[in-house]
Amino acid sequence: LEIFPEKIRKVIESHGDVYHIAYEIGQEMSLNIIGQKDKTITSVIVTAQDVAYTMQQIQEHNEVAVIEWTDNHTGLVGQLVRVIGLFTREGDISGLAIRFGKSIPESHILIQDILDNGNGVLLMGPPGMGKTTTLRSGAGYLAQRKNVTILDLWISDLTSGGGYIHPSIRGASVLRGAVKDRAENIILAVQGLLPQWLVMDELSHQREIDAVLSGSRKGVAIYATCHGKSLGDFINNPVLCRLAGDIQEVILSGSTAQARGLKKQAVKQRTGSAAFEYLVQMLDPQIFAIYKMEQ
């Protein structure tokens, strides 16, 4: 909180467990609070001076003369904090989106037996549900016993900023890179680092999905997260559903549908092998719905 002006800091402290801040010049500062679905709009209008102060504090914390941005991302050295810069067309900073990560030991405990058995796990849930926290906790647990590689964005909140490895994931290898390079890094990790486990946050892009499927089919267990509020969100997402083995809609013949006792001829079927043994829907940080992905 020291990166904010005092007036901003007091507002943040008064709103409890904040995990995300929208901090744009001329706009009301908004907060996302753990356990609340909607963002909280504060009465504080962010000024250019407020943003300049925060930028200066980030520089001083990281001991750099100029903040280094990778894909508009930066962070705080040694902290589980992700900072996204918002820029004008002229390249001037217009605001910041700041997300605070957490390290909560044993937050993976509900799926520890699955991890112990070497089964790949995909954590799914809406923003703020604790997916990254659970991912980080499980990765740290695995790293004490297995060969674990974590794929991380440059200076993101998964492993901490500035090349520093947070104590919660000591023992894991960290392969960093830009967003657009992550698919290549997945392939590099599988072929060059020979991990037993590959860990990554927020799967979403087609090329990443292809690389994850390739890695899992080479015997690497995958532990990852994705966004989604329901099982239907996952199944009906044309990109993410490939992780379950390319679930596609097919038209059955009338006789086949009748033999199966189906009223409709259009059904969803798996056409390939899944990248994960289990899909874990996080309904709450301490309530998980666990689905077995049949191979």
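Residues numbered from 1 in each chain as written. Predicted model: local features only at pLDDT ≥ 70, side-chain atom pairs only at ≥ 80, totals over all residues. Heavy atoms only, no water.

## Thoughts on the state of the cysteines
For the structure shown, the criterion picks out zero disulfides. Of all cysteine sulfurs in the structure, the one in Cys241 sits closest to Cys226, which takes part in no disulfide; the separation is 11 Å. Residue classification places Cys241 among the buried residues on the basis of a relative accessible area of 6%. (Disulfide = S-S within 2.5 Å. Buried < 20%, exposed > 50% of the residue type's maximum accessible area, 1.4 Å probe, protein only.)

## Remarks on the sheet that holds strand β1 (residues 18–24)
Across the sheet, which stays open at both edges, the six strands sit in the order β3-β2-β1-β6-β5-β4 with antiparallel pairing between neighbours. Of all the strands in the sheet, just β3 (40–45) and β4 (73–75) have a single pairing partner and so form its edges. Going across the sheet, the axis of each strand differs from the next one's by a mean of 20°, ignoring polarity. With four bridges connecting them, β1 and strand β2 (residues 28–33) associate as antiparallel partners. The residue bridging His20 from the neighbouring strand is Asn32, located in β2. Where helix α2 (residues 48–62) meets the sheet, it contacts β1, β3, β4, β5 (81–87) and β6 (93–100), and its direction lies at approximately 55° from that of β6. (Pairing = 2+ DSSP bridges. Helix = DSSP H or I, 4+ residues; strand = E, 2+ residues; numbered from the N terminus. Axes fitted to C-alpha atoms, helices over the stretch in contact; angles between N-to-C directions. Contact = heavy atoms within 4.5 Å.)

## Things to note about the packing of helix α5 (residues 182–193) against helix α6 (residues 206–216)
At their nearest, the axes of α5 and α6 sit 8 Å apart, and the two run at 10° to each other. Between α5 and α6, the interaxial angle falls into the category roughly parallel. Residues Arg182, Ala183, Glu184, Ile186, Ile187 and Val190 of α5 lie in contact with α6, whose contacting residues are Arg207, Glu208, Ala211, Val212 and Gly215. Residues of the contact of α5 with α6, tallied by class, amount to six nonpolar, one polar and four charged. (Parallel < 35°, antiparallel > 145°, perpendicular 65-115°, else oblique. Nonpolar A, V, L, I, M, F, W, Y, C, P; charged D, E, K, R; others polar.)

## So, empty space enclosed by the protein
Applying the stated rule across the entire model yields one cavity of 30 Å³ or more. Approximately 50 Å³ is the volume found for the largest cavity. Here the residues of the lining of the largest cavity are counted per class, giving one nonpolar, four polar and four charged. (1 Å grid on protein atoms, 1.4 Å probe; cavity = no way out; pocket = protein on both sides within 12 Å on 5 of 7 lines; lining within 4 Å. Points joined across faces, edges and corners; volume = space filled by probe spheres on them.)

## Focus on the pairing of β2
Burial of β2 is extensive: five of the six residues sit out of reach of the surface. The loop that links β1 with its antiparallel partner β2 comprises three residues; one of these, Gly26, has a positive phi angle of about 85°. The sheet contact formed by β2 and β3 spans three bridges and is antiparallel. Residue pairing for β3: Leu31 is matched across the bridge by Thr40. What sits between the antiparallel neighbours β2 and β3 is a turn of six residues, in which Gly35 has the positive phi angle 95°.

## What to know about the pattern of salt bridges
The tally for this structure, following the rule as stated, stands at eight salt bridges. Across the pair Glu202 and Arg82 runs a salt bridge whose closest N-O atoms are separated by 3.9 Å. In this pair, Glu202 sits in the loop between β10 (197–200) and α6 while Arg82 sits in strand β5, placing the two residues 120 residues apart along the sequence. Judged by its relative accessible area of 12%, Arg82 falls in the buried class. A salt bridge links Arg207 to Glu184; its shortest N-O distance comes to 2.4 Å. Note that Arg207 is positioned in helix α6 and Glu184 in helix α5, a separation of 23 residues in sequence. (Salt bridge = Lys/Arg side-chain N within 4 Å of Asp/Glu carboxyl O.)

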